[in-house]
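Coordinate inspection notes
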Amino acid sequence: MTVRMSARITARITARITARITARVTVPTLALLLAGGVGCRDGFAMRATAARPGGQQTTRRATAESDTAILGRALFLDSTLSASGRMSCATCHSPSHAYGPPNALAVQRGGASLTIPGLRAVPSLRYTLPRTPIWAYPRSTSLAERLTETDNGPTGGFGWDGRFNTLHDQAAFPLLAAAEMASSEAAVVHAVERGPSAEQFRRVFGPSIFGDLPRAFAAVRQAIERFELEDPSLRPYSSKYDRWLDGQATLTAQERRGLSLFNDATRGNCASCHLSQRGADGSHPLFTDFQFEAIGVPRNPEIPANRDPRFHDLGLCGPLRADQPSKSYCGMFKTPTLRNVASRQVFFHNGRFHTLREVLRFYVERDLRPDEWYPHGGRDQYDDLPPALRGNVDRKTLPLARPAAGTPVWTDAEIDDVIAFLRTLDDADQVAGR
Ligand code: HEC
Ligand code: HEC
């Protein structure tokens, strides 16, 4: 049985992120940091990733949001950019739902008449975007490394399958995808030109911007990216857990019990993937290591595409990405953040579960009581993957590994404790809306 060692993972990720940062942090930013002018809940990574060629360098304290980001917010909320005229980014990534889905639907419907169902559940856009590492599959370089490094899995990138390395590339997908906003490059640019943001758009990108279609479409994506990287509403750090880390709140006895079960490497072991400790740079944790795993989530009949038994969403192996030759990745999806998870109504990439209790029971019972979770009395275990690929499902990492004792690692009361803890990850606006 392998227990993933979170300390080592944290160290490795921090090292990787720090390497990228060192390359990118500019002298003025460093000066600001040294002068103590910047709070460190985001650590260095936010400013580092936020420094894109062509974009403005910003820090939270030093400057307010850039004009590009303010424009980007307007575009994020603008439903005239869609073929239906009724769907914006915010329709699925609802600002009042921690930029996650506003409803319990496993997949949302888009297209010209909002009837075409998508394939995957909508993730929250809070917190992770500036700190998502670029896609990497760190191959071991020596035999010694292969023997000692057991966790070298694929990491990073945007989407459940990590297929986009930048937010401006990612933004083209929802604008153009048939099951989402279903527009075209030209239609998006014309909508901006006719819409309320036209003047601001010219001010930011130049008076002749609308005359150059490819450049104007790139500018739309760049503005959205700046919004995603800069807007404070995407990272309020207002949860009880954040305040507790800063010594400004006390966890109840139940929340503390839940936190230790979550962290306990011999039982819940959740923190081995959903990191719960501060980063080495003092940044507050995001509850993801950005790595990919095949958890074996049951097939979801609520997704219309699943009516075809030949259809399989294999994550890293497609259908939405097609560049991964290794079949051993099939079924893997990126570990999501658990911040604001208690305010969601759909869980996992396929939205199979609708309550946290079901998710936690699934984690601790999957291989003990397969008949509860999979069809044909549990014989069709890991039924969302074709039989030949079911061996990819993680059966070694706790709590997914079958416990020797034959009883789940958590009782129902302990599940209640963990849920109480997970609720401390809700931001203040989510708690208020509960
Ligand atoms: C119809 C619903 C819908 C709309 C509209 C939509 N999205 Fe998404 N978004 C999704 C889904 C579903 C995913 C997960 C996609 C996947 O993994 O393939 C996603 C993923 C993302 C991600 C990756 C998040 C991560 O952590 O990996 C970003 C960023 C994003 N969307 C931004 C946007 C922007 C910007 C817009 C508007 C231009 C937008 N979305 C419009 C449904 C939507
Ligand atoms: C081996 C790494 C790993 C471990 C250990 C792990 N998770 Fe996860 N978790 C993931 C991955 C990967 C996903 C997404 C899987 C998918 O959608 O197919 C996920 C998804 C989730 C989700 C759904 C979130 C959402 O937005 O849909 C919750 C809740 C969750 N995990 C809680 C936990 C808890 C609680 C534990 C401990 C009992 C735990 N996880 C242990 C990797 C892990």
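One can find the structure itself at the top, above this paragraph.
Quantities reported herein were computed from a predicted structural model and do not represent experimental measurements.

Remarks on the overall build of the protein chain
- Helix and strand counts for the protein chain stand at 16 helices and four strands.
- Across the 434 residues in the protein chain, those meeting the buried criterion constitute 44%.
- Considering only residue pairs separated by 6 or more positions, the protein chain has 71% of its internal contacts joining residues 24 or more positions apart.

Here's the deal with the nonpolar core
- Core analysis: the biggest nonpolar cluster contains 84 residues, and Leu75, Val188, Val220, Ala223, Ile224, Phe262 and Val418 have the highest contact counts within it.
- Among the elements that make up this core, the one with the highest residue count is helix 10 (residues 213-230) (eight residues).
- When residues of this core are assigned to domains, at least three fall in each of domain 1 (6-234) and domain 2 (240-432).
- Apart from residues lying up to four places away in sequence, phenylalanine 262 is in contact with Gly268, Cys270, Ala271, Ser276, Val418 and Phe421.

Quick look at unusual backbone geometry
- Here the amide bond leading from glycine 318 into proline 319 is cis, since omega sits at 15°, within 30 degrees of zero.
- Residue position: proline 319 is located in the loop between strand 3 (292-293) and strand 4 (333-334).
- Backbone torsion omega between leucine 398 and proline 399 reads 0°, so that peptide bond is classified as cis.
- One can find proline 399 in the loop between helix 14 (370-373) and helix 15 (412-423).

Considering the site of ligand 2
- Surveying the vicinity of ligand 2 reveals 26 residues, the closest of which are Cys270, Cys273, Glu293, Phe348 and His349.
- When residues in the shell around ligand 2 are grouped by element, the largest group, four residues, is from helix 13 (residues 356-365).
- Partitioned by chemical class, the residues of the shell around ligand 2 number 16 nonpolar, seven polar and three charged.

Digging into the packing of helix 4 (residues 67-76) against helix 9 (residues 198-205)
- Their axes nearest at 10 Å, the elements helix 4 and helix 9 cross at an angle of 150°. As judged from the angle between their axes, helix 4 and helix 9 are roughly antiparallel. Read as a crossing pair, helix 4 and helix 9 show a hand that is left-handed. Contacts between helix 4 and helix 9 involve Asp67, Thr68 and Leu71 on the former and, on the latter, Gln200, Phe201 and Val204.
- Residue composition of the contact of helix 4 with helix 9, by class: three nonpolar, two polar and one charged.

Here's the deal with the site of ligand 1
- With respect to spatial proximity, 27 residues lie near ligand 1, and among them Cys89, Cys92, Gly159, Trp160 and Pro174 are the closest.
- Those elements that place two or more of their residues in the shell around ligand 1 are helix 5 (89-92) and helix 7 (167-176).
- Here the element with the most residues in the shell around ligand 1 is helix 7; it accounts for five residues.
- In terms of residue class, the shell around ligand 1 is made up of 16 nonpolar, eight polar and three charged.

What about helix 7?
- Of the residues making up helix 7, those classed as buried are Leu167, His168, Ala171, Pro174 and Leu175. Seen along its axis, helix 7 keeps its buried residues to an arc of 110°; they face one direction.
- Contacts made by the buried residues of helix 7 are with helix 5, helix 8 (185-194) and helix 10.

Re the packing of helix 4 against helix 10
- One can describe the packing of helix 4 onto helix 10 by two numbers: an axis separation of 7 Å at closest approach and a directional angle of 100°. It follows that helix 4 is roughly perpendicular to helix 10 by the angle criterion. Residues Thr68, Ala69, Leu71, Gly72, Arg73, Leu75 and Phe76 of helix 4 lie in contact with helix 10, whose contacting residues are Val220, Gln222, Ala223, Ile224, Glu225, Arg226, Phe227 and Glu230.
- For the contact of helix 4 with helix 10, the residue count by class is eight nonpolar, three polar and four charged.

Here's the deal with the environment of glutamate 293
- Within the secondary structure, glutamate 293 is located in strand 3.
- The sequence separation of glutamate 293 and asparagine 392 amounts to 99 residues, and the corresponding C-alpha distance is 8.9 Å.
- When near neighbours in sequence (up to four residues on either side) are disregarded, glutamate 293 contacts Cys273, Met332, Thr335 and Asp394.

What about the environment of glutamine 324?
- The topology assignment puts glutamine 324 in the loop between strand 3 and strand 4.
- Glutamine 324 has contacts with Leu316, Cys317 and Tyr329, leaving out every residue within four places of it along the chain.

Quick notes on the rules
- Residues numbered from 1 in each chain as written.
- Chains lettered and ligands numbered in written order.
- Predicted model: local features only at pLDDT ≥ 70, side-chain atom pairs only at ≥ 80, totals over all residues.
- Helix = DSSP H or I, 4+ residues; strand = E, 2+ residues; numbered from the N terminus.
- Buried ≥ 20, exposed ≤ 12 C-beta atoms within 10 Å, placed from the backbone.
- Contact = placed C-beta atoms within 7 Å.
- Core = buried A, V, L, I, M, F, W, Y, C linked by C-beta atoms within 7 Å.
- Domains from an automatic or database assignment.
- Near = placed C-beta within 6 Å.
- Nonpolar A, V, L, I, M, F, W, Y, C, P; charged D, E, K, R; others polar.
- Axes fitted to C-alpha atoms, helices over the stretch in contact; angles between N-to-C directions.
- Parallel < 35°, antiparallel > 145°, perpendicular 65-115°, else oblique.
- Left-handed = near helix turned anticlockwise from the far one by under 90°.
- Arc of directions from axis to C-beta.

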